[in-house]
Amino acid sequence: HDERHDRPVAIKVLHEDLGATLGPERFLAEIKTTAKLQHPHILPLLDSGAAGGLLFYVMPFVEGESLRDRLEREKQLPIDDAVRIAREIADALGVAHAAGIVHRDIKPENIMLTATGEVKVADFGLARATNSSDSQNLTQEGVTLGTPLYMSPEQVEGRIVDPRSDLYSLGATA
């Protein structure tokens, strides 16, 4: 609970072991990337920092469920819902892509649905700037990151991907 603003929040913390193994750079890049993106269908960053030696960032708490949870409960979405959800994800990705950011991990677990059914694209932890001058390249060509079931063939092969890879993942999700 954010006491200053009297609202529920979610806090993502970089686990000590993961930070020691990978270093803090990827988490700091996720914070920077998420902070750049402003869109009604992207889960925004509210604050970030460090406490007790741990990096963290704060985002709104989504009263609702993930798309994965809804799919497990309903098995198949009504066509109108599926089209609306896909359109809202595509709108969010369009903003990210226009900002030079490829999400690289679009999957039902990273799509939150509010209590009213509105989409919030979350978890830009594997995102990559398509303009290398915007951020350091933390993933080398030949390294595969993401969830294979939803990844484009290029991403599975470890090649550098562009926004088309997110569109492939959106199609696999829908």
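Computed from a predicted structure; not experimentally measured.

A.B. asks: Account for helix 4 (residues 79-98), naming residues and giving values.
C.D. replies: Under the 1.5 Å per step criterion, the end-to-end length of helix 4 is 28 Å for 20 residues, consistent within 8% with the ideal 28 Å. Taken together, the buried positions of helix 4 are I85, A86, E88, I89, A92, L93, A96 and H97. The inward-facing, buried residues of helix 4 contact helix 3 (67-74), strand 5 (101-102), strand 6 (111-114), strand 7 (119-121) and helix 6 (163-173). Of the residues flanking the end of helix 4, it is G100, one or two places downstream, whose phi is positive at about 80 degrees.

A.B. asks: Quick rundown of unusual backbone geometry? Include the residues and the values.
C.D. replies: In this model, K75 sits at a positive phi of 70 degrees, which is unusual for a non-glycine residue. Even without a glycine there, the phi angle at D123 is positive, about 60 degrees. Structurally, D123 is set in the loop between strand 7 and strand 8 (128-129).

A.B. asks: With reference to specific residues and values, describe the environment of P44.
C.D. replies: For P44, the position within the fold is in the loop between helix 2 (25-36) and strand 2 (47-51). Note: C-alpha distance between P44 and R104 (60 residues apart in sequence) is 18 Å. Leave out the neighbours within four places in its chain, and P44 touches T34, V58, M59 and P60.

A.B. asks: Describe the confidence of the model for the protein, with residues and values.
C.D. replies: Looking at the protein as a whole, its pLDDT mean stands at 88, while 91% of the residues score no less than 70. Contacts from residues 133-143, a stretch scored under 50 in pLDDT, to residues over four places away or in other chains number 20 contacts.

A.B. asks: Now, about the sheet that holds strand 2: what can you tell me, with residues and values included?
C.D. replies: Pairing is antiparallel in the open sheet, where 3 strands are placed in the order 1-3-2. What marks the edges here is a single partner per strand, and that holds for strand 1 (9-13) and strand 2. The sheet shows a mean angle of 25 degrees between the axes of neighbouring strands, direction not considered. Across 5 bridges, the pairing between strand 1 and strand 3 (residues 54-60) is antiparallel. Looking across to strand 3, one finds that A10 is bridged to M59. The strands touched by helix 2 within the sheet are strand 1, strand 2 and strand 3, with strand 3 carrying the most contacts at an inclination of about 25 degrees.

A.B. asks: I'd like to hear about the pairing of strand 6, residue by residue, with values.
C.D. replies: Of the two faces of strand 6, the one carrying I111 and L113 and the one carrying M112 and T114 are both buried. Here strand 4 (residues 64-66) pairs with strand 6 via 3 bridges, running antiparallel. Across the sheet, residue S66 finds its bridge partner in strand 6, namely M112. With 3 bridges connecting them, strand 6 and strand 7 associate as antiparallel partners. Looking at strand 7, one finds that M112 is bridged to K120. Between the end of strand 6 and the start of strand 7, which pair antiparallel, lie 4 residues, with G117 showing a positive phi angle near 90 degrees.

A.B. asks: So, the sheet that holds strand 4: which residues are in play, and what are the values?
C.D. replies: An order of 4-6-7 is seen for the 3 strands of this open sheet, with the pairing classed as antiparallel. Only two strands of the sheet have a single neighbouring strand rather than two, namely strand 4 and strand 7. In this sheet, adjacent strand axes meet at a mean angle of 25 degrees when their direction is disregarded. Each of strand 4 and strand 6 touches helix 3; the most contacted strand, strand 4, lies at about 90 degrees to it. Helix 4 rests against strand 6 and strand 7 of the sheet, and its axis sits at about 40 degrees to strand 7.

What counts and what doesn't
- Residues numbered from 1 in each chain as written.
- Predicted model: local features only at pLDDT ≥ 70, side-chain atom pairs only at ≥ 80, totals over all residues.
- Heavy atoms only, no water.
- Helix = DSSP H or I, 4+ residues; strand = E, 2+ residues; numbered from the N terminus.
- Expected span 1.5 Å × (residues − 1).
- Buried < 20%, exposed > 50% of the residue type's maximum accessible area, 1.4 Å probe, protein only.
- Contact = heavy atoms within 4.5 Å.
- pLDDT = per-residue confidence, 0-100.
- Pairing = 2+ DSSP bridges.
- Axes fitted to C-alpha atoms, helices over the stretch in contact; angles between N-to-C directions.

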